[in-house]
Amino acid sequence: MKYRSAFEIIGPIMIGPSSSHTAGAVRIGRVARTLFEGQPKKAVLSLYGSFAKTYKGHGTDLALVAGLLDFDTFDERIPDTLEIAKQLGMEVIFQEEEAITEHPNTVKINLFDEDKELEIIGISIGGGTIEITEINSFKLKLSGDPAILVIHNDRFGVISSVTSILSQNKINISHMEVSRKDKGDMAIMVIESDEKLDDQVINGVQKLDNVISVIRMVV
């Protein structure tokens, strides 16, 4: 496995005990919250592999909920996240799954409120590094920061229009992929870049024809 920086080996500044089971879990939770665009009323967290077997001892349960509350990996409130979530009216359900997944540190997160729901699958690959592998049944790979998620209608020219705006703003794309449910149906574009994406870039992409929404990711 190739690492992009020494911090992916050493791990982030964090509340312990484990970079993969704690810091990585916080980051997966924060991505889920970002995609949901706010705090959910209910969260169902389905744990697989090593996550399912050791989540209480390693604090993975606390870490995932911390991310859903938008806490960072070093937030001193992480040990109290289950109680904080309860006080804020967020129902949390943990499920230990028996199915074998491709990666042992896998979690499926389902979020709900009155008018929307979201499902993501994330893995913690070590050193606090994560990958989001599925969003609402769309297969993808999201691991970098800065990044944007562009939800759009599958139409001719949308991808070209988005990349043109990035080029005009001197944004270099480091990773990009597109996933769609069917030809002409809804699609998701994942773009990771070398430069930060400011509001001007986000707004420019949002105004394009056939773009439904643009979400700036923090991984």
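Computed from a prediction, not measured in an experiment: that's the story for all the values here. (Residues numbered from 1 in each chain as written. Predicted model: local features only at pLDDT ≥ 70, side-chain atom pairs only at ≥ 80, totals over all residues. Heavy atoms only, no water.)

Caption draft 1: Representation of the packing of helix α6 (residues 158-168) against helix α7 (residues 199-206) in the model. With their axes 10 Å apart at the nearest point, α6 and α7 run at an angle of 160° to one another. By the angle between their axes, α6 is roughly antiparallel relative to α7. Here the hand of the crossing between α6 and α7 comes out right-handed. Contacts between α6 and α7 involve Val-162, Ile-165 and Leu-166 from the former and Val-201, Gly-204 and Val-205 from the latter. Looking at the contact of α6 with α7 residue by residue, the classes come out as five nonpolar, one polar and no charged. (Axes fitted to C-alpha atoms, helices over the stretch in contact; angles between N-to-C directions. Helix = DSSP H or I, 4+ residues; strand = E, 2+ residues; numbered from the N terminus. Parallel < 35°, antiparallel > 145°, perpendicular 65-115°, else oblique. Left-handed = near helix turned anticlockwise from the far one by under 90°. Contact = heavy atoms within 4.5 Å. Nonpolar A, V, L, I, M, F, W, Y, C, P; charged D, E, K, R; others polar.)

Caption draft 2: Summary view of the environment of Asp-185. In this structure, Asp-185 sits in the loop between β8 (173-180) and β9 (186-193). A residue is classified by how much of its surface remains accessible, and Asp-185, at 37% relative accessible area, is partly exposed. Once you skip the residues sitting within four places of it in the chain, Asp-185 turns out to touch His-152, Asn-153 and Asp-154. (Buried < 20%, exposed > 50% of the residue type's maximum accessible area, 1.4 Å probe, protein only.)

Caption draft 3: Local environment of the side chain of Arg-33. For Arg-33, the position within the fold is in helix α2 (residues 19-36). The side chain of Arg-33 is buried and forms no salt bridge, while Asp-70, the nearest opposite charge, is found at 4.3 Å. Residues within four places of Arg-33 in sequence aside, it is in contact with Gly-38, Gln-39, Gly-67, Leu-68, Leu-69, Asp-70 and Leu-111. (Lys, Arg positive; Asp, Glu negative; His and termini not counted. Salt bridge = Lys/Arg side-chain N within 4 Å of Asp/Glu carboxyl O.)

Caption draft 4: Molecular detail of the packing of aromatic side chains. A full pass over the atoms with the stated rule returns one aromatic pair. The interplanar angle of 25° and the centroid separation of 5.9 Å between the aromatic rings of Tyr-55 and Phe-94 together place this pair among those described as stacked. Of the two residues, Tyr-55 is situated in helix α3 (residues 49-58) and Phe-94 in strand β2 (residues 91-96); the sequence distance between them amounts to 39 residues. Phe-94 gets classed as partly exposed once you look at its relative accessible area, which sits at 25%. Taking NZ or CZ as reference, Lys-42 lies 5.8 Å from the ring centre of Phe-112, over its face. Of note, Lys-116 hangs over the ring of Phe-36, and the distance from its end group to the ring centre comes to 4.6 Å. (Phe/Tyr/Trp six-rings, centres within 6.5 Å; stacked < 30°, edge-to-face > 60°. Lys NZ or Arg CZ within 6 Å of the ring centre and 35° of its normal.)

Caption draft 5: Broad picture of α7. Of all the residues in α7, the buried ones are Val-201, Ile-202 and Val-205. The buried residues of α7 occupy an angular sector of 100° when projected down its axis, which confines them to one face. Its buried side turned inward, α7 meets β7 (147-153), α6 and β10 (211-217). (Arc of directions from axis to C-beta.)

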